[in-house]
Amino acid sequence: NAGVTQTPKFRILKIGQSMTLQCTQDMNHNYMYWYRQDPGMGLKLIYYSVGAGITDKGEVPNGYNVSRSTTEDFPLRLELAAPSQTSVYFCASSPQGMNTEAFFGQGTRLTVV
Amino acid sequence: GENVEQHPSTLSVQEGDSAVIKCTYSDSASNYFPWYKQELGKRPQLIIDIRSNVGEKKDQRIAVTLNKTAKHFSLHITETQPEDSAVYFCAAKYYGGATNKLIFGTGTLLAVQP
């Protein structure tokens, strides 16, 4: 049972480059989330989705874009990478409902130089 | 906007002592309050959660309490052990119509000294 899978695990980007962080889940969860975690800090919500075709901004959406064309996949796009986007990115998913556990992927460590 | 505050940011206890971490949330529409544990270099994992219609929940050495009137909830760990050392996050789920945000607190680094 794979759960939530993120790729890549590590990436170094140059300033101004673009990339897509991949996230896929095999639990048929409707809800999916992207968080960033800066060193020694908490989890900040970037974007979330309540189902295929529906996305919404979280706490820190600037500099990022998402799409949700299928239930399984929720890619996060970085355009024009900046050093401030150096962070660990976590994708999570949860079943539909108000009171349900979120399951996290293993994270992607991104460094922008 | 929605906000979850968490205190303290660091907590050091002796093995066998109790540890308490407190959180407050801003949106009274929140109705689900999970706690996650994150070990160094790993993903956050759920350790316990509480729903808005419950005041307290216990699971072995871990307990959570919720005061909806004051918008406070707390994590209590008794008889702490070195393997409890980790970062703990509280969270609140804001549910309203098509929204379903899960907002996290800033985390508490718990160190259990043997």
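Scroll up a little and you will see the structure.
In this report, we go over the structure that sits alongside the text. (Residues numbered from 1 in each chain as written. Chains lettered and ligands numbered in written order. Predicted model: local features only at pLDDT ≥ 70, side-chain atom pairs only at ≥ 80, totals over all residues. Heavy atoms only, no water.)

Topic: the pattern of salt bridges
All names here are of chain A.
And then number 1: Scanning the model with the defined rule gives 8 salt bridges over all chains in all.
And then number 2: Note that Arg-77 is salt-bridged to Glu-79, the shortest N-O span being 3.1 Å.
And then number 3: Given a relative accessible area of 32%, Arg-77 falls into the partly exposed group.
And then number 4: Assessed through its relative accessible area of 37%, Glu-79 is described here as partly exposed. (Salt bridge = Lys/Arg side-chain N within 4 Å of Asp/Glu carboxyl O. Buried < 20%, exposed > 50% of the residue type's maximum accessible area, 1.4 Å probe, protein only.)

With respect to the state of the cysteines
And then number 1: For the structure on display, the rule yields 2 disulfides over all chains.
And then number 2: Here Cys-23 of chain A pairs with Cys-91 of chain A through a disulfide, and the sulfurs are 1.9 Å apart. Between Cys-23 of chain A and Cys-91 of chain A, the disulfide has an S-S torsion of -70 degrees and is therefore left-handed. Of this pair, Cys-23 of chain A sits in strand β3 (residues 19-25) while Cys-91 of chain A sits in strand β9 (residues 87-94), and the two are 68 residues apart along the sequence.
And then number 3: Look at Cys-23 of chain A and you get buried, because its relative accessible area is 1%.
And then number 4: Put simply, Cys-23 of chain B and Cys-90 of chain B are joined by a disulfide, and their sulfur atoms are 2.0 Å apart. What sets the handedness of the Cys-23 of chain B and Cys-90 of chain B disulfide is the S-S torsion sign, and at about -100 degrees it is left-handed. With Cys-23 of chain B in strand β3 (residues 19-25) and Cys-90 of chain B in strand β9 (residues 86-96), the pair connects residues that are 67 residues apart, well separated along the chain. With respect to class, Cys-23 of chain B is no different from Cys-90 of chain B; both count as buried. (Disulfide = S-S within 2.5 Å. Helix = DSSP H or I, 4+ residues; strand = E, 2+ residues; numbered from the N terminus.)

Section: the side chain of Gln-38 of chain B
And then number 1: Structurally, Gln-38 of chain B is set in strand β4 (residues 32-38).
And then number 2: Of note is the side chain of Gln-38 of chain B, whose polar atom sits 2.8 Å from the side chain of Gln-37 of chain A.
And then number 3: With residues up to four places along the chain from it excluded, the contact list for Gln-38 of chain B reads Gln-37 and Phe-90 of chain A together with Arg-43, Pro-44, Ala-86, Val-87 and Phe-89 of chain B. (Polar contact = N/O pair within 3.5 Å; in protein donor to acceptor, adjacent residues only side chain to side chain. Contact = heavy atoms within 4.5 Å.)

Quick word on the interface of chain B and chain A
And then number 1: Taken residue by residue, the interface counts 21 residues in chain B and 25 residues in chain A.
And then number 2: Carbon and sulfur atoms supply 55% of the area that chain B and chain A bury against each other, a total of about 2000 Å² over both sides.
And then number 3: Linking chain B with chain A are 0 salt bridges.
And then number 4: Joining chain B to chain A, the criterion identifies 5 residue pairs in polar contact (both at pLDDT 80 or more).
And then number 5: Broken down by secondary-structure element, the contributors of at least two residues to the side of chain B that touches chain A are β4, β5 (45-51), β9 and β10 (99-104) of chain B.
And then number 6: For the side of chain B that touches chain A, the element with the highest residue contribution is β10 of chain B, accounting for 6 residues.
And then number 7: Considered class by class, the residues forming the side of chain B that touches chain A number 10 nonpolar, 6 polar and 5 charged. (Buried area = accessible area lost by both parts, 1.4 Å probe. Nonpolar A, V, L, I, M, F, W, Y, C, P; charged D, E, K, R; others polar.)

Topic: the pairing of β5 of chain B
Residues and elements named next belong to chain B.
And then number 1: In the sheet, β4 pairs with β5 via 6 bridges, with the strands oriented antiparallel. When the sheet's bridge partners are listed, Lys-37 is paired in β5 with Gln-45.
And then number 2: Linking β4 back to β5 in an antiparallel pair, the connection comprises 6 residues, with Gly-41 at a positive phi of about 75 degrees. (Pairing = 2+ DSSP bridges.)

Structural notes on the nonpolar core
Side chains of a nonpolar character, in soluble globular proteins, are inclined to be buried together.
And then number 1: If you look at the biggest cluster of nonpolar residues, it comprises 42 residues, and the most contacted ones within it are Phe-104 of chain A together with Trp-35, Leu-75 and Phe-104 of chain B.
And then number 2: Broken down by element, the residue count for this core peaks at 7 residues, all from β9 of chain B.
And then number 3: The contact partners of Phe-104 of chain A, leaving out residues within four places of it in the chain, are Val-4, Tyr-35, Leu-43, Phe-90, Cys-91 and Ala-92 of chain A together with Tyr-36, Arg-43, Pro-44 and Phe-104 of chain B.
And then number 4: Counting residues in each nonpolar core, the second largest holds 19 residues, with Trp-34, Ile-46, Val-66 and Cys-91 of chain A among its members. (Core = buried A, V, L, I, M, F, W, Y, C linked by side-chain atoms within 4.5 Å.)

Details of the sheet that holds strand β1 (residues 4-7) of chain A
Within a sheet, each strand pairs with its neighbour through backbone hydrogen bonds, oriented either parallel or antiparallel.
Residue and element names in this part refer to chain A.
And then number 1: Spatially, β1-β3-β8-β7 is the arrangement adopted by the 4 strands of the open sheet, whose pairing is antiparallel. On the outer flanks of this sheet lie β1 and β7 (64-66), each paired with one strand and no other. Going from strand to strand, the sheet's axes swing by 20 degrees on average, the running direction of each strand aside.
And then number 2: As paired strands, β1 and β3 are joined by 4 bridges and run antiparallel to one another. Across the sheet, the residue bridging to Thr-7 is Gln-22, located in β3. (Axes fitted to C-alpha atoms, helices over the stretch in contact; angles between N-to-C directions.)

Note that all results are geometric; they support no functional claim without further evidence.
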